[in-house]
Amino acid sequence: MDQSVSFSVQGLSCGSCVGRADKALRAVPEIDDVAVNLATHTARFTLNAPGGIAAAARALADAGYPARESEAVFEISGMSCASCVGRIDRLLRAQPGVTGAEVNLATGKARVTYLDGVVRPDALAEVLTAGGYPARWQAPDAAPVSEQPDPARAEGRRAAIAAVLALPVFVMEMGSHMIPALHMAIANTIGMQASWLIQFALTTAVLAGPGLQFYRKGIPALLRAAPDMNSLVALGTAAAYLYSVVALFAPALLPEGLRAVYFEAAAVIVVLILVGRWLEARAKGRTGAAIRKLMALTPEVARVRRAGQTQDIPISQLRVGDEVIVRPGERIAADGEVIEGASHVDEAMITGEPLPVEKAPGAQVTGGTVNGTGSLVVRASHVGSDTVLARIVGMVERAQGARLPIQGLVDRITLWFVPVVIGLALLTVLAWLLFGPSPALTHALVAGVSVLIIACPCAMGLATPTSIMVGTGRAAELGVLFRKGDALQSLGQITHIALDKTGTITRGHPALSDVILAAGQDESDVLAHVAAAEALSEHPVARAIVQGAQAQGIVPGQAENFRSDTGLGIRARVEGRAILVGSARMMAEAGIDTAPLDARAHDLARTGRTALFAAIDGELAALIGVSDPVKPEARSAIAALQDMGVKVTMISGDGEATARAVAAEVGITDVVAGVMPDGKVASVDRLRANGGTVAFVGDGINDAPALAHANIGIAIGTGTDIAIEAADVVLMSGDLGGVVRAVALSRATLRNIRQNLFWAFGYNALLIPVAAGVLYPALGVLLSPVLAAGAMALSSVFVLGNALRLRRFDTGQPAPATHRDQGRALEEATP
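Cut-offs and rules
Along each chain, residue indices are assigned from 1 in the same order as the chain's sequence is written. In keeping with the model being predicted, local features are shown solely for residues with a pLDDT of at least 70 and side-chain atom pairs are shown and tallied solely at 80 or more, while totals for entire chains, interfaces and linings include all residues. Hydrogens are left out, water is left out, and the side-chain values use all remaining heavy atoms of the structure. UniProt positions are given in the numbering used here, feature names are shortened, and annotations may be inferred rather than shown by experiment. Counting from the N terminus, the helices are the DSSP runs of H or I reaching at least four residues and the strands are the DSSP runs of E reaching at least two. A 1.4 Å probe rolled over the protein chains alone gives each residue an accessible area, and that area as a share of the maximum for its type sets the label: buried under 20%, exposed over 50%, partly exposed in between. By definition, two strands form a pair when at least two bridges between them are found by DSSP. Think of each axis as a best-fit line through the C-alpha atoms, taken over the contacting stretch in the case of a helix, with angles from 0 to 180 degrees between the N-to-C directions. In this analysis, two residues are considered to be in contact whenever any of their non-hydrogen atoms come within 4.5 Å of each other.

If you look the chain up in an unreviewed UniProt entry, it shows as Heavy metal translocating P-type ATPase from Arenibacterium halophilum. Database annotation for the chain, UniProt heading Sequence similarities (unreviewed entry): "Belongs to the cation transport ATPase (P-type) (TC 3.A.3) family. Type IB subfamily."

Colleague: It is not clear to me how the UniProt feature "transmembrane region" (unreviewed entry) in the chain should be interpreted in this structure. Could you clarify?
Modeller: The positions that UniProt labels "transmembrane region" (unreviewed entry) are, in the present scheme, residues 159-182, 194-212, 232-254, 260-279, 413-435, 441-464, 757-776 and 782-804. Within residues 194-212, the helical portion is 84% and the strand portion 0%, while the C-alpha atoms at the span's ends are 25 Å from each other. Here residues 757-776 runs as 85% helix and 0% strand, with 28 Å between its end C-alpha atoms.

Colleague: So what exactly am I meant to see when it comes to unusual backbone geometry here?
Modeller: Working note: non-glycine residues mostly have negative phi, and peptide bonds are mostly trans. Positive phi, normally seen in glycine, also occurs at Glu575, with a value near 55°. Mapped onto the fold, Glu575 is located in the loop between strand S21 (569-574) and strand S22 (577-582). On the basis of relative accessible area, Glu575 is assigned to the exposed category, the value being 60%. Of note, Asp617 is a non-glycine position whose phi angle comes to about 55°, a positive value. Counting through the fold element by element, Asp617 comes out in the loop between strand S23 (610-616) and strand S24 (619-627).

Colleague: When you look at the sheet that holds strand S1 (residues 3-8) in this model, what are you seeing that I'm missing?
Modeller: As a general point, the strands of a sheet are linked pairwise by backbone hydrogen bonds and lie either parallel or antiparallel. On the basis of which strands lie adjacent, the open sheet formed by three strands has the order S1-S3-S2 and antiparallel pairing. Each edge of the open sheet is held by one strand with a lone partner, namely S1 and strand S2 (31-37). The sheet shows a mean angle of 15° between the axes of neighbouring strands, taken without regard to direction. Strand direction decides the pairing type here: S2 and strand S3 (residues 42-47), joined by five bridges, are antiparallel. Directly across from Ala35, in S3, lies its bridge partner Arg44. The sheet contacts of helix H2 (residues 52-63) involve S1, S2 and S3, and relative to S1 the element is tilted by about 30°.

Colleague: Which parts of the structure should I look at to understand the pairing of strand S5 (residues 98-104)?
Modeller: Looking down a regular strand, the side chains alternate between one sheet face and the other. With five of seven residues buried, S5 is to be regarded as a mostly interior element. Of the strand pairs in this sheet, S5 and strand S6 (residues 109-115) are connected by six bridges, and their pairing is antiparallel. Bridging across to S6, Gly100 finds its partner in Thr113.

Structure follows, in structure tokens:
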């Protein structure tokens, strides 16, 4: 072969790395002349046998220096059915250097993973185009594509033209059969010969105009021995049309009893299929509504201040470091930091919090959120595709274009489906010619054309991707983002959910929970003095006490002589009074008797709260409880998961008493406490030891290993970036009810896909024999090609309509105010 190949290699950092990578490649028998370069981070070699590229990539990966992969997205024309999807997938995967491909009929796109340096995206586009599927590579840095014509409008126009031309044909031919008076009127005026000539002219216009696309795409595919649904339509309509032309212009070639025309079948078949495509295009447009509405949240123009000058620029020209002026009521154009002004910003689309958040210099803001009544100047830190909103859109797009494991069976079947249908049509014709009653040729033609038309596998190709598109779009509206495609299927199959405690079940930050007063004390007075002393401490418990006092409208005074005793507590003077806040040991050392409140302190500790004593001027004043409060929706969400048949376990690094107290509060009986990050991974393994499928829900850095290790990792969106990157599913708010929504919607989407596949396969399994004439011997019924075309179109519309039902999916869980803007915008697109 002697083909030279160059890989871009990751992980090369020293000469030893180069040596190990070189050794790994030289052990691959299919390649020669290996050269690994540290400066360029490349590996170059020569192929001497097929399969060398894949073998070399595996060798590098096993050695710990994987070849660098990139991803390209292609817009593909000419995809019309599941057979097209299978062929495009096979074309792409056959190219050296391609490691993965996901082809989506509903979006008309293919997402390809390839090895850097081995193959170029433009070369892949050329391969697809040469294979009969014109492709355009969506370069990451390409200028935005101008608005494309609405495909539904174009399909509707073609269908309308075809219908206007076909209506007279249908009336003259079918009307003559059904209404004797009409037949007599035509015979006594223009005559049947003239009627056939008019039908010929109009049908020719239909096939050469709106129907020409079937021949332009179907015949070349047939000649390449890769027939698709266009080939089936082209063969069926051409057979009916050519038979009619012979009967009209060369009747002597046919026996007298077979001289009939089927122009109306050819014309009406084209009309019905075009109407079906128009309905499909309209439905497909609605399946992508979620993406369009999300993208619409970013303003098109930003007002920036550059070199002292204020100007309006397109959002695409915004740069990191730009100072963006945000006027009242406007959407913020980019992620960044407030440097001037003060306002409140509605962040419900990101966080789910219904109340606007106060923003002042130093505060962070997110692009797409809505400014309130004040003016802000924001220094952009992330623009374009790096913003939070753009990453959300990217996750939704990736999920919508995903290829679920369930699709594998469909692809394997549909790849051979069209050739098998053509074979069945030929067998049908042969059987009618050999065994059919007179006129056998007419019956053979009708049955053969009906088989070709009714078996178009459009519904099969649309069954899975349309449900995925609608389901993931609805999920985004509900605040659930699927980062990885197969998570949509896997999440619906889980048997166990493991929940981290802190930040997942609880709020993740301490709050004042109890103030138990000693005899003769006033709560406001005690809190005012204690909060004043604690205001000088940086401890999280101190902040919780101060915030708790402020929430009650108490304004702490000024503290003096503050001192912190590590592990014990703090002491200070407030308004001339000596204040001590701390443990029982601290009180004992100060000679303060805590016996009146000791029992209550033990009760607080037993329920997972931190108990602190407060003393004023040497006398016990109060017992203060601080806890990490449980999220208000946690108990109902966990109960909903258990009602769905999912076993719930809580895994925490906290002590046994605290963990069990929280678990009891939210209704969890299976608790694993006191574990480190590796212990959480071991707990996940224990849960799936008996063949279970486990999802882990967490939010912190220490949760990342378990998130990555579980079958499905679900990250709370208010958590750390590391946790989010390790997860398969992201909940955009901290609402634990999002887990319920994610599982319920995943199950509903899978159920919807199964319904679609059952219909698509069942439709063909039932109606192909009917079209072939299996009912004729018993009932004398032979399916008309026109009815076959109508049934085929309706099958696709049924699948799309069933998928669109997911847009109204309601989990029964009260959703937070998440994505108020998306929800409002999506309502208008919901059928």
